[in-house]
Amino acid sequence: MKNETATFNTLKEKAEYLDKEDTLSHFRSQFIFPQHNGKNALYFTGNSLGLQPVTTKQYIEQELEDWAKYGVEGHFYARRPWFAYHEFLTEKMANIVGALPEEVVMMNQLTSNLHFLMVSFYKPIGKKRKILIEYPAFPSDIYAVQSQIKFHGGNPISDLIMVKSEREDFVIEEEKLIEQIEKNKDELALVLLGGVNYLSGQVFDIAKITQTAHHFNIMCGWDLAHAAGNIELHLHEWEVDFAAWCTYKYLNSGPGSVGGAFIHQKHLKNIDLPLFAGWWGTDKKERFKMKPEFEPMHTAERWQVSNAPVLSMAACLASLEVFNKAGMPDLIEKSKKLTSFLEETILHLNHLYGKEIFRIITPNQRGAQLSIVCLLPNPKNFYQQLIKNGIITDWREPNVIRFAPVPLYNSFEDIYLAGEKMNAILSELVF
Ligand SMILES: *Cc1c(COP(=O)(O)O)cnc(C)c1O
């Protein structure tokens, strides 16, 4: 049953047709691909580190030039004055996450933002002191909530409710999550979940879960690391209390680039919210008067602690401009087609070999990611073969390979070519 390359012809024709129909295909040339044997690698790890837009260099160079030219005066005289640099990002970012500009601020990084936001929105009172998260969750999020609980004098084990997936595919049933929120309603102070689970790629119903938490008078925050720039988000309309995300995954802003934060409009008026303050959160007009009094801003900018990291923001701006040109609705439409085509290709490989070699664990509620359990006797070896053949994916113990076809720069041909190469690898391994 092996090596039936001919049967790949239908997939090849389909990829050609879909690429021809793709109205976003020209965006591919606006990104720089790592090279493999003199050709673009088949890059499927935009969920981990997005590719570099060709304009990024120019945006960073502009700031280096203005720094050279103006020195400290660049805060006011740079072509994009550094004093207010974060403002160039706000509206473009708000478009991507479905927020009002006043609700969004780019600052710090993801885990730091989770901490700063929990200072305001995790307020253990009386019996209501617990935090609910999902499991598996990204370790940084677990450490962050445990340390917040400890900081408030709580017990990081008994005050943390982890809703665990009991299933082999790591999927957490939404009914179970909601049941747990209801069951613990009198003890929960905060529900903090990932909008898209990093491991399984499962997308949660953010609106419904947020509504459930609110029904029981519980704050609800979201980690959007794998959601921002990937799935449809309407944070304002969904009444999410707060959210944080990074910009180096789907948002292509470079390693360790600046993070994002959202605080719902309904909380912005409440100037009594506790907050870890810094000079960038005080009223802009008063800031350089260097007064000892903190004059809270009435936008998400109040949560800013330090002045803007301009070089990483320049990279972020370059990327957000590409996103805003393409527009989230079209990107999401293409994303669905790409991911379905990847699914079809993977299932075709199983079919060719007459057995289940790959098991897709990502449920149908998904974005641009398929997590695939490799059932070969030595799955890590298969993953290493992928890398050797220029198919860049990532590996999660014990046997999960994550593929993220990204609508801004991946083509249907990328997927077809990956399928063909996987077939060649399998023909050596499977008998
Ligand atoms: C990527 C990721 C992080 C990384 O946190 P940083 O603070 O950006 O290093 C944290 N949480 C989740 C859910 C992630 O996916």
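Okay, so let's go over this structure. (Residues numbered from 1 in each chain as written. Predicted model: local features only at pLDDT ≥ 70, side-chain atom pairs only at ≥ 80, totals over all residues. Heavy atoms only, no water.)

## Considering the nonpolar core
Here's step 1: Trp222, Trp245 and Leu408 are the most contacted members of the largest nonpolar core, which has 69 residues in total.
Here's step 2: Take this core: its biggest share by element is 10 residues, from helix H11 (residues 310-326).
Here's step 3: Residues lining this core come from more than one domain, with at least three contributed by each of domain 1 (11-53 + 327-429) and domain 2 (59-326).
Here's step 4: The contact partners of Leu408, leaving out residues within four places of it in the chain, are Phe27, Arg28, Phe31, Asn252, Val322, Phe323, Ala326 and Leu331.
Here's step 5: Judged by nonpolar contacts, the second largest core, of 35 residues, contains Phe8, Leu18, Phe358 and Phe412. (Core = buried A, V, L, I, M, F, W, Y, C linked by side-chain atoms within 4.5 Å. Buried < 20%, exposed > 50% of the residue type's maximum accessible area, 1.4 Å probe, protein only. Helix = DSSP H or I, 4+ residues; strand = E, 2+ residues; numbered from the N terminus. Domains from an automatic or database assignment. Contact = heavy atoms within 4.5 Å.)

## So, the site of the ligand
Here's step 1: In the vicinity of the ligand, the residues found are Leu110, Thr111, Phe138, Asp141, Asp223, Ala225, His226, Tyr248 and Lys249.
Here's step 2: The contact in question runs from an oxygen atom of the ligand to an N or O atom on the side chain of His226, over 3.1 Å.
Here's step 3: Protein contact buries 82% of the 390 Å² of open area that the ligand shows by itself.
Here's step 4: The class makeup of the residues in the shell around the ligand is four nonpolar, two polar and three charged. (Near = heavy atom within 4 Å. Polar contact = N/O pair within 3.5 Å; in protein donor to acceptor, adjacent residues only side chain to side chain. Areas by Shrake-Rupley, 256 points an atom, 1.4 Å probe, with all protein chains shown as cover. Nonpolar A, V, L, I, M, F, W, Y, C, P; charged D, E, K, R; others polar.)

## As for the packing of helix H13 (residues 379-388) against helix H14 (residues 412-429)
Here's step 1: Following both chains from N to C, one finds H13 and H14 inclined at 140°, their axes separated by 10 Å at the closest point. By the angle between their directions, the pair H13 and H14 is classed as oblique. Crossing of H13 over H14 shows right-handed handedness. In this structure, H13 contributes Asn381, Phe382, Gln385 and Leu386 to the contact, and H14 contributes Met422, Ile425, Leu426 and Leu429. (Axes fitted to C-alpha atoms, helices over the stretch in contact; angles between N-to-C directions. Parallel < 35°, antiparallel > 145°, perpendicular 65-115°, else oblique. Left-handed = near helix turned anticlockwise from the far one by under 90°.)

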